[in-house]
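Coordinates in review
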Amino acid sequence: METLDQIKSQLSQTLKNDLDISYPPSPELGDLSLALFGLAKASGKNPIELAQETAEKLNKSPKLKTAIKEVRAVGPYVNIFLDYNSFTPAVIKSIKKDQDDYGRNQSGKKAGVMIEYSNGNTHKELHIGHLRNICLGDTINRLLDISGHRSLPVSYINDFGIHVAKTLWYLKNNQKEYQKLIKSTPKNRGYLLGSAYKEATAALAENETAKEAVGKIMQEIESQKGENYQLWQKTRDWSIKYFQSVYQDLGVKFKKTFYESEVITSGLKTVKELVTKGVLKKSEGAIIADLEKYNLGVLPIIRSDGTALYPVADLALAVKKFRENKIQESIYVVDVRQSLYFKQLFKILQLMGYEQKMTHLAYDFVTLPSGMMSSRSGNVITYHELIAQAKELALTATKDKHPDWSQKKITQTASELAFSTIKFEMLKVSAQKTITFDIKEALKFDGYTATYLQYTHARLMSIGRKAPRAKSRLDYSQLSEPQEKHLLFRLAQYPETIRHAKDNYDPSEISKYLFELCQLANDYYHAIPIIKSAPKTRDARLELIAATRQIIKNGLELLGIKAINEI
RNA sequence: GCGCCCGUAGUUCAAUGGAUAGAACACCAGCCUUCUAAGCUGGUUACGUAGGUUCGAUUCCUACCGGGCGUACCA
């Protein structure tokens, strides 16, 4: 009784080489296949003859006798048919044994990995770009964890930039707006503050003289005293609370949160030291990192007027991360626009002597059909409005479908469905591709969507609830329909799917896998009766259904999506 | 100018260098006295261009065309 991984490793051992074991294009050809072109060339043999020899060898191997039913040479390919008498129980039993923990492995060997994501700016709104960042970071974190790493998810909040001073300037000059904020609920203040920032940039664009006032506010915040400093503390807190409520809604948990305001002082100190050491230097009145000889250009660190640029905080933060935590890798989930910046930052850190692995996990942006998002032009979908729309649509659909449900159940289900939908939209496209976000398309509930997966899960749950308890001794040989074999084989591929997704930092592989699994499950559901089949067959089918349900649940969990039992 | 990413069906996306390039949406035609029709079945349509490497290229390399991003004081 071997699982897929075990069978593959046995094949490699028997053949004594690292042949790529792949899957034939159609299941009628077999379960596994080997292409022998490469090997044939290396040994100077004809691939067709070599395929025949290999097939013969595998057919004779006593080690593979229980796992493999038949091996056929088809032209230059060797196609392998597994023996489902042993394969089926192996797969189902391993899923049944580990349940919610199925898929967990120790490949990470407890190596510490810090992953920084989310990275909101206080006083600004969260938009769908941030949502992609959070969903991606959260899933990678879950993948690190399930792969046996000691993962350390952290967020870094920029509470200190010029955007803060601008917002404060606006509030001071618009008491009405300020009072509106004071009076609103804690949960709403955060995004209302973001709208204030939008207003502020608009107002400042037409007001040249105000720039000086903004600069003064900035200085006052830095000096840590005075009226504006207090206003900063208060409004900063609104944003932070807002972020926390968003994380809670999304089910995202951080082990630590860093703030720019907390690292900036030590950053300035670090910069001074680095200038002395010659890692950084003065140029044209500014302090820069000259990385020309590494082909990485120049990175400005401190402006010629003496004020700090972004890298100051980032350097200090990196130092803090390495000093305070035993980590072997530090991952930054930040959009692709900052690829050069991170190469520069990592090079400086290397020059400072840090040897840990540093990874910039870059993802492409979320754009709208009308073009790039830009908060200045108002061409942006905020997190707040996206969730509101998703919830509303889900509520209507759920109400229509289940008029008999209680209000509470409808609201609860609709909310879960709404979060599933938007998260899945963020995670079904590979990270290096732009997401063209069409809100109407994205909030649909059919096709390649989270709802399809949830619906499939709910259907299978429903069968489980209605089915009588198994009485007979389980006989897996009852699962002989082609649909059953296809479904089972797909279940067996779950471990390698999550391994692959983790290695490539690519959640979309899991999304795709789950969708295809659900297609097979629905296909099965329609073609084969479960509950009404003969008891012995029924009991075996119910086992397959239960295993499928478990994998859907576990896969969704990795995407940060809670499987719904009834929709 | 230089660097990075992307060009696949009307649209949005898939495809470890391998067998007949797959889905979803949209459109058309069917399927509920059977386990949730938010489902299933069937139908139409595609690798930007030109070379090269290879037994074999959507995949690797080069050039070009088209789109996006970055490139010293934004973050």
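Residue numbers run consecutively from 1 along every chain, following the written order of its sequence. Written order determines the labels here, with chains lettered from A and ligands numbered from 1. Residue-level local features of this predicted model are given only where pLDDT is at least 70; pairs of side-chain atoms are given and counted only at 80 or more, and the full residue set underlies all totals for whole chains, interfaces and linings.

Structural notes on the pairing of strand β4 (residues 77-82)
Filter applied, for reference: Burial is judged by counting other C-beta atoms within 10 Å of a residue's own C-beta: 20 or more means buried, 12 or fewer means exposed, and anything between counts as partly exposed, with every C-beta placed from the backbone. Helix and strand definitions follow DSSP, with helices as H or I runs of at least four residues and strands as E runs of at least two, each counted in order from the N terminus. A strand pair is defined by DSSP finding two or more bridges across the two strands.
The buried fraction of β4 is high, at 5 of 6 residues. Where strand β2 (residues 32-35) meets β4, 4 bridges bridge the pair, whose relative direction is antiparallel. Directly across from L34, in β4, lies its bridge partner V78. Pairing of strand β3 (residues 68-74) with β4, which is carried by 6 bridges, proceeds in the antiparallel orientation. Within β4, the position partnered with R72 by the bridge is N79.

So, the sheet that holds strand β9 (residues 286-290)
Within a sheet, each strand pairs with its neighbour through backbone hydrogen bonds, oriented either parallel or antiparallel. What counts here: Helix axes use the C-alpha atoms of the stretch in contact, all axes being lines fitted to C-alpha atoms, and the angles between their N-to-C directions lie in the range 0 to 180 degrees.
The antiparallel open sheet is built from 3 strands, whose spatial order is β8-β9-β10. Because the sheet does not close on itself, it has two edges, and the strands there are β8 (281-283) and β10 (298-302). Averaged over all neighbouring strand pairs, the angle between strand axes comes to 50°, with direction disregarded. As paired elements, β9 and β10 share 4 bridges and run antiparallel to each other.

Some remarks on the protein's contact with RNA strand B
This is how it is decided: Note on definitions: a residue is near a molecule or strand provided its C-beta atom, placed from the backbone, lies within 6 Å of it. All amino acids are sorted into three groups, where Ala, Val, Leu, Ile, Met, Phe, Trp, Tyr, Cys and Pro are nonpolar, Asp, Glu, Lys and Arg are charged, and the leftover types, Gly among them, are polar.
By nearness alone, 72 residues border RNA strand B, and S33, F37, G447, Y455 and A458 come closest of all. Here the surface near RNA strand B takes 8 residues from helix α17 (residues 450-466), the largest share from any one element. Here the residues of the surface near RNA strand B sort into 33 nonpolar, 25 polar and 14 charged.

What about the domain arrangement of chain A?
Reports of interface size often rely on the accessible area that becomes lost once the parts have come together. Filter applied, for reference: Segmentation into domains, and thus their bounds, comes from an automatic or database assignment.
Looking at chain A, the domain boundaries give domain 1 (4-82), domain 2 (112-261 + 320-367) and domain 3 (390-558). Each of domain 2 and domain 3 has a C-alpha centre, and the two are 35 Å apart. Mapped onto the side of domain 2 that touches domain 3, the elements with two or more residues apiece are α5 (128-146), β12 (357-363) and β13 (366-367). Broken down by element, the side of domain 2 that touches domain 3 gets its largest block of residues, 10 residues, from α5. Counted by class, the side of domain 2 that touches domain 3 contains 12 nonpolar, 3 polar and 3 charged residues.

Re the environment of V78
Inclusion rule: We call two residues in contact if the C-beta atoms placed from their backbones are at most 7 Å apart.
Along the chain, V78 falls in strand β4. Assessed through the 28 C-beta atoms surrounding it within 10 Å, V78 is described here as buried. Residues V78 and K97, spaced 19 residues apart in sequence, show a C-alpha to C-alpha distance of 33 Å. Residues in contact with V78, not counting those within four places in the same chain, are S33, L34, L36, A51, T54, A55, V71 and A73.

Regarding unusual backbone geometry
Backbone geometry at K110 places phi at a positive 60°, although glycine is not the residue there. With respect to the secondary-structure elements, K110 resides in the loop between α4 (84-98) and β5 (112-116).

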